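If you want the building blocks of each chain, they are given just below.
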Amino acid sequence: MNKINLTIQRKAVYEVVQQAFDHPTAADVIERLRSNGHNFAYGTVYNSLRYLTDVGLIRELKLGEAVSRYDARMEDHQHIMCVKCGRVDEVLADVPAEWMASVAKETGYRIEHAHVVLEGVCGTCASKTS
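Predicted model, so just to flag it, every value in this text is computed and none were measured.

Asks: Tell me about the overall build of the protein, and please be specific about residues and values.
Replies: Secondary structure assignment for the protein yields 5 helices and 5 strands. Ordered by position from the N terminus, the helices and strands of the protein form the series α-α-α-β-β-β-β-α-β-α. Dimensions of the protein, computed from C-alpha atoms along their principal axes, come out at roughly 50 × 50 × 20 Å. Put simply, the protein has 130 residues, and 33% of those count as buried. Counted over contacts in the protein with a minimum sequence separation of 6, partners at least 24 positions apart contribute 48%. Accessible surface computed for the protein: about 8600 Å², of which carbon and sulfur atoms make up 51%. Computing the positive centroid from 15 side-chain charges and the negative centroid from 17, the protein places the two 5 Å apart.

Asks: Lay out the side chain of Thr53 with the relevant residues and their values.
Replies: Here Thr53 lies in helix H3 (residues 42-54). When its relative accessible area of 17% is taken as the criterion, Thr53 is described as buried. A polar atom in the side chain of Thr53 sits 2.8 Å from the backbone oxygen of Leu49. With sequence-adjacent residues up to four places away left out, Thr53 is seen in contact with Ile58, Glu60 and Tyr70.

Asks: A description of the UniProt feature "binding site: Zn(2+)" (unreviewed entry) in the protein should follow, citing residues and the corresponding values.
Replies: In the numbering adopted here, UniProt assigns the feature "binding site: Zn(2+)" (unreviewed entry) to Cys82, Cys85, Cys122 and Cys125. Spatially, the listed residues are clustered: although they cover 44 residues, their C-alpha atoms lie within 8.2 Å of one another. As for its placement among the helices and strands, Cys82 is situated in strand S3 (residues 78-82). Setting aside chain neighbours within four positions, we find Cys82 in contact with Arg87, Gly120, Val121, Cys122 and Cys125.

Asks: How would you sum up the domain arrangement of the protein? Please name residues and give values.
Replies: Think of interface size as the accessible area that goes away when the parts come together; that is how it is often given. Domains assigned within the protein are domain 1 (1-74) and domain 2 (76-129). The centre of domain 1, based on its C-alpha atoms, is set 23 Å off from the matching centre of domain 2. Across the contact, 10 residues belong to domain 1 and 11 residues belong to domain 2. Buried surface at the junction of domain 1 and domain 2, summed over both partners, amounts to about 910 Å²; 56% is from carbon and sulfur atoms. Three residues stand out in domain 1 for area buried against domain 2, namely His23, Leu63 and Arg73, and they jointly supply 55% of the buried area on that side. Taken together, the links from domain 1 to domain 2 amount to 1 salt bridge. Between Glu90 and Arg73 there is a salt bridge, with its nearest N and O atoms 3.0 Å apart. One can count 7 residue pairs in polar contact (both at pLDDT 80 or more) joining domain 1 with domain 2. Contributions of two or more residues to the side of domain 1 that touches domain 2 are made by strand S1 (59-61) and strand S2 (69-71). Its residues assigned to classes, the side of domain 1 that touches domain 2 comprises 4 nonpolar, 1 polar and 5 charged.

The rules behind these values
Residues numbered from 1 in each chain as written. Predicted model: local features only at pLDDT ≥ 70, side-chain atom pairs only at ≥ 80, totals over all residues. Heavy atoms only, no water. Helix = DSSP H or I, 4+ residues; strand = E, 2+ residues; numbered from the N terminus. Buried < 20%, exposed > 50% of the residue type's maximum accessible area, 1.4 Å probe, protein only. Contact = heavy atoms within 4.5 Å. Areas by Shrake-Rupley, 256 points an atom, 1.4 Å probe, with all protein chains shown as cover. Lys, Arg positive; Asp, Glu negative; His and termini not counted. Charge placed at Lys NZ, Arg CZ, Asp CG, Glu CD. Polar contact = N/O pair within 3.5 Å; in protein donor to acceptor, adjacent residues only side chain to side chain. UniProt positions renumbered as here; feature names shortened; annotations may be inferred. Domains from an automatic or database assignment. Buried area = accessible area lost by both parts, 1.4 Å probe. Salt bridge = Lys/Arg side-chain N within 4 Å of Asp/Glu carboxyl O. Nonpolar A, V, L, I, M, F, W, Y, C, P; charged D, E, K, R; others polar.

Now the structure itself:
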């Protein structure tokens, strides 16, 4: 395995993603770095996010939005996204084995990994509309 090269910038970016509970976008990461006293160039932050994703320290999430979000939780889990405000939460319930077998049979694929993104309305948004 190659040695991971965590520069000061990459370490700072990694810490922001690791401490986040909201699956931040690159813009969120930049904003949080600035509030922590760091003033990295946009390119540095984007390159750091790409590097951290490539070496497997974080995961890039494309959840049907125009922008990627980042997650430092690497064990298997799913996500649920509010269609009103864009909030993203983690879902720790397992993907049903019967469903995976049905998908494999229907498609002819040997499924290696599942990432399910559920969509709905979060409690905060639901309470605003009632």
